[in-house]
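Listed below are the residues making up each chain.
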Amino acid sequence: MIVVLAVVTVFGVTGMHASMGQDGLRAATLEREVQKETERLSLLRARVAQLSTPRRIADEAARLGLVADADPSFLHVDGAKTEPSTEQQALKVP
């Protein structure tokens with residue numbers, strides 16, 4: 001009886017160690033995937049920032065034949081900031 005209990009305990013502990021080892025390998029794989037996707041996200045954010053600059057958009061619009069309005073109209077909301085934004089200043093035609 002004691003021998004059977006000892007054998008079952010040994011197999012149980014061995015099985016738990018094997019399971020924990022597999023979990024450790026899976027965790028390491030997931031950590032590498034998270035790191036890779038974090039780097040990819042950073043690169044995509046940088047690309048979005050690069051493509052979103054007002055100057056690039058204005059240049060692309062000009063390349064497509066679009067022209068800026070010489071006398072643009074803007075809506076003014078009560079209590080809102082009335083100074084031209086950086087984007088509006090960047091898009092003005094010299």
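Definitions and cut-offs
- Residues numbered from 1 in each chain as written.
- Predicted model: local features only at pLDDT ≥ 70, side-chain atom pairs only at ≥ 80, totals over all residues.
- Heavy atoms only, no water.
- Helix = DSSP H or I, 4+ residues; strand = E, 2+ residues; numbered from the N terminus.
- Buried < 20%, exposed > 50% of the residue type's maximum accessible area, 1.4 Å probe, protein only.
- Areas by Shrake-Rupley, 256 points an atom, 1.4 Å probe, with all protein chains shown as cover.
- pLDDT = per-residue confidence, 0-100.
- Salt bridge = Lys/Arg side-chain N within 4 Å of Asp/Glu carboxyl O.

**Quick look at the overall build of the chain**
Scanning the chain for helices and strands turns up three helices and zero strands. Secondary structure of the chain in N-to-C order comes out as α-α-α. Within the span of the chain, comprising 94 residues, buried residues form 1% of the whole. Taken as a whole, the chain presents about 8,800 Å² of accessible surface, with 64% of it coming from carbon and sulfur.

**Notes on the confidence of the model for the chain**
The share of residues in the chain with pLDDT of 70 or more is 83%, and the mean pLDDT across the chain is 80. No element of the chain has a lower mean pLDDT than helix α3 (residues 86-91), which averages 57, and none a higher one than helix α2 (residues 54-63), which averages 91.

**Some words on the pattern of salt bridges**
Applying the stated rule across the entire model yields three salt bridges. Notably, a salt bridge pairs Glu 37 with Arg 40, separated by 3.5 Å at the nearest N-O pair. Taken together, the residues Glu 37 and Arg 40, both in helix α1 (residues 2-51) and three residues apart, mark about one turn of the helix. Looking at Glu 37, the relative accessible area reads 41%, which means it is partly exposed. Residue Arg 63 is joined to Glu 60 by a salt bridge in which the shortest nitrogen-to-oxygen separation is 2.6 Å. Here Glu 60 and Arg 63 lie together in helix α2, a separation of three residues that amounts to about one turn. Looking at Glu 60, the relative accessible area reads 27%, which means it is partly exposed.

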